[in-house]
Amino acid sequence: MKVKGAKKVHYDSGPNMTPLVDVVMVILIFLMLAGSFGGVSRFLMSKQGIKTSGGHGRPLKPGEVPDINLDIHIDNAHDGVGFVAQGTGIPPTADADHLEEVLVSRLKQFNDAGTKTDQLQVVLYPGRHVKYKYLIAIYQAAMQAKFEKIAFATSH
Amino acid sequence: MKKHVMPEMKEGGVNVTPLIDIVMCLIIFFMLVAKIGVTRGDLKSVVLPKTILGKELKDFSNTLTLNVLPTNLDDPQVTTLVDGQPRDIKIFDRMGGQTDQPLLRILKEFKATHTDPKVIIRADKDLAYSQLESVLLSCADAEITNVAYETKEGKETPEGQNDTPAPQQ
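The shown structure was predicted, so the numbers you read here are calculated from the model rather than taken from an experiment.

The rules behind the values
By convention here, each chain's residues receive numbers from 1 onward along its written sequence. Naming scheme: in the order in which they are written, chains are lettered from A and ligands are numbered from 1. Predicted model: local features are reported for residues with pLDDT of at least 70 only, side-chain atom pairs are reported and counted for 80 or more only, and whole-chain, interface and lining totals are derived from all residues. Derived side-chain values reflect all non-hydrogen atoms in the structure, with water molecules and hydrogen atoms excluded from consideration. Only DSSP runs of H or I covering at least 4 residues are called helices, and only runs of E covering at least 2 are called strands; the numbering of each starts at the N terminus. Residue burial is assigned from relative accessible area. The probe radius is 1.4 Å, only protein chains are included, and a residue is buried under 20% of its type maximum, exposed over 50%, and partly exposed in between. Any Lys or Arg side-chain nitrogen located within 4 Å of an Asp or Glu carboxyl oxygen qualifies as a salt bridge. Criterion used throughout: strands pair if DSSP finds at least two bridges between them. Axes here mean lines fitted to C-alpha atoms, for a helix over just the part in contact, with angles spanning 0 to 180 degrees between N-to-C directions. Contacts were defined at the residue level, with two residues in contact if any of their heavy atoms lie within 4.5 Å. pLDDT expresses, on a scale from 0 to 100, how confident the predictor is about each individual residue. Surface patches are drawn from residues lacking salt bridges whose relative accessible area is over 30%; two like charges belong together within 9 Å, two nonpolar side chains (Val, Leu, Ile, Met, Phe, Trp, Tyr) within 5 Å. Computed with the Shrake-Rupley method and a 1.4 Å probe, the accessible areas treat only the protein chains shown as cover for residues. Expected span of a helix: the number of residues minus one, times 1.5 Å. For any pair of crossing helices, the crossing counts as left-handed if the nearer helix is rotated counterclockwise from the farther one by less than a right angle, and right-handed if it is rotated clockwise. Any residue outside Ala, Val, Leu, Ile, Met, Phe, Trp, Tyr, Cys, Pro, Asp, Glu, Lys and Arg is labelled polar, Gly included; the first ten of those are nonpolar and the last four are charged.

Description of the overall build of chain B
In step 1: Summing up its helical and strand segments, chain B has three helices and nine strands in all.
In step 2: When burial is assessed residue by residue, chain B has 38% of its 169 residues classed as buried.

Structural data, given as structure tokens:
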């Protein structure tokens, strides 16, 4: 007896994946459009506040001894590109890496003289037109030199 | 003897299994990496300076983000979220012979309604200090001393050169 239909084409049906692929593609495109993929942000923290002329950035607590200030005056370079930073015991420099080295040695001098790091405060005195990116570079140099307190002062 | 013939098998189309594998991986990646619906009122036009130091903040509760952009005027353009909407906030509003300080008002209100308030400053890297100073003074007047300067991870290159990626630490 001849069995009919044995040679018929047999489609491998299984679950229909088309709706799944549709939905998944829609989700993928939504995520790609709606998501924001910015670079990693860093935050330079300061609790010192801005130091106004002759005053402090924040009110002193009762019995608190004012910090010893290490002032750094910052101006634009003469050619308008870069900065010049200088202060007491800090020769004029336009290089943040060099400034960091100087600050490391200044911190060591203070520590050797018995002044603890948390009693020191680096105060940045920028000129009015100094660009923010230079201030951040100097702020970072002070952080790398292991100073714990860094504050901005009003412009000169 | 009759020979038994197996039925002919035929695939019904393109094999989508590898496609689904890859697409699922992409979806999981985007779900983990993308920040959807989380906004601090960041302005994309602010070009942040780059640093290699600095903390990575995970918790943005009790923070107020101020975008500070340079202008040709005395005061910078300050933008922040007010009632969930980004708004330009003037530092000094001189109208009708009186001077109002809208930014100071917002900062004082923020301090009054939050414990341990913190201001995040997203200032443009080319902002002049005189313009940043007025924002910092407003923070000081509002008695908010906890300030974080937001930067991008990386190393700032000399002017006129292209940016290079951050060194891996």
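The discussion continues.
What about the pattern of salt bridges?
Pairs can form between side chains of opposite charge once their charged atoms are near each other.
In step 1: Scanning the entire structure with this criterion turns up seven salt bridges over all chains.
In step 2: With its nearest N and O atoms 3.6 Å apart, the salt bridge here joins Asp126 of chain B to Lys133 of chain A. On the criterion of chain membership, the pair formed by Asp126 of chain B in the loop between strand 8 (118–123) and helix 3 (129–141) and Lys133 of chain A in helix 3 (residues 132–144) is interchain, its members lying in two chains.
In step 3: Salt-bridge contacts for Arg105 of chain B lead to Asp100 of chain B; the nearest nitrogen and oxygen are separated by 2.8 Å.
In step 4: Overall, the relative accessible area of 49% leaves Arg105 of chain B in the partly exposed class.
In step 5: Taking relative accessible area as the criterion, Asp100 of chain B reaches 29% and is therefore assigned partly exposed.

Some details on the sheet that holds strand 5 (residues 90–93) of chain A
Residue and element names in this part refer to chain A.
In step 1: Ordered in space as 5-4-3-6-7, the five strands form an open sheet in which the pairing is mixed. On the outer flanks of this sheet lie strand 5 and strand 7 (150–152), each paired with one strand and no other. With direction set aside, neighbouring strand axes in the sheet form an average angle of 20°.
In step 2: Pairing of strand 6 (residues 120–126) with strand 7, which is carried by three bridges, proceeds in the parallel orientation. Residue pairing across strands places Leu124 opposite Phe152, the latter belonging to strand 7.
In step 3: In the packing of helix 2 (residues 96–112) onto the sheet, contacts are made with strand 3 (68–76), strand 4 (83–87), strand 5 and strand 6, and the angle to strand 5 comes to roughly 175°.

Quick notes on the confidence of the model for chain B
Residues and elements named next belong to chain B.
In step 1: This prediction gives chain B a mean pLDDT of 81; 83% of its residues lie at or above 70.
In step 2: Confidence drops under pLDDT 50 across residues 160–169; counting only partners more than four residues distant or on other chains, this segment forms ten contacts.
In step 3: Both scores are available for the predicted complex, with the pTM at 0.74 and the ipTM at 0.73.

Observations regarding the environment of Ile106 of chain B
Residues and elements named next belong to chain B.
In step 1: Mapped onto the elements of the fold, Ile106 is located in helix 2 (residues 102–113).
In step 2: Ile106 sits 17 residues away from Ile89 along the chain, and the two C-alpha atoms are 8.9 Å apart.
In step 3: When residues no more than four places from it in sequence are discounted, the contact partners of Ile106 are Leu64, Val82 and Ile89.

Topic: the confidence of the model for chain A
In step 1: Overall, the predicted model of chain A reaches an average pLDDT of 81, with 81% of residues at or above 70.
In step 2: Taken element by element, chain A is modelled with least confidence in strand 1 (residues 10–11) of chain A, mean pLDDT 58, and with most confidence in helix 3 of chain A, mean pLDDT 92.

Notes on a nonpolar patch on the surface
In step 1: Taken together, Ile28, Phe29, Leu32 and Val33 of chain B make up a surface patch of nonpolar side chains, about 410 Å² in accessible area.
In step 2: Position of Ile28 of chain B relative to the elements: it lies in helix 1 (residues 17–33).

Side note on helix 2 of chain B
In step 1: Spanning twelve residues, helix 2 of chain B covers 17 Å between terminal C-alpha atoms, matching the ideal 16 Å at 1.5 Å per step.
In step 2: Restricting attention to buried positions, one finds in helix 2 of chain B the residues Pro102, Leu103, Leu104, Ile106, Leu107 and Phe110 of chain B.

Topic: the packing of helix 1 (residues 18–34) of chain A against helix 1 of chain B
In step 1: Taken N-terminus to C-terminus, the directions of helix 1 of chain A and helix 1 of chain B make an angle of 30°; their axes are 10 Å apart at the nearest point. Of the two elements, helix 1 of chain A crosses helix 1 of chain B, and the hand of that crossing is left-handed. Contact with helix 1 of chain A, carried on its side by Leu20, Val21, Val24, Met25, Ile27, Leu28, Leu31 and Met32 of chain A, involves Leu19, Ile20, Val23, Met24, Leu26, Ile27, Phe30 and Met31 of chain B of helix 1 of chain B and no other residues of that element.
In step 2: Looking at side-chain class alone, the contact of helix 1 of chain A with helix 1 of chain B contains 16 nonpolar, no polar and no charged residues.

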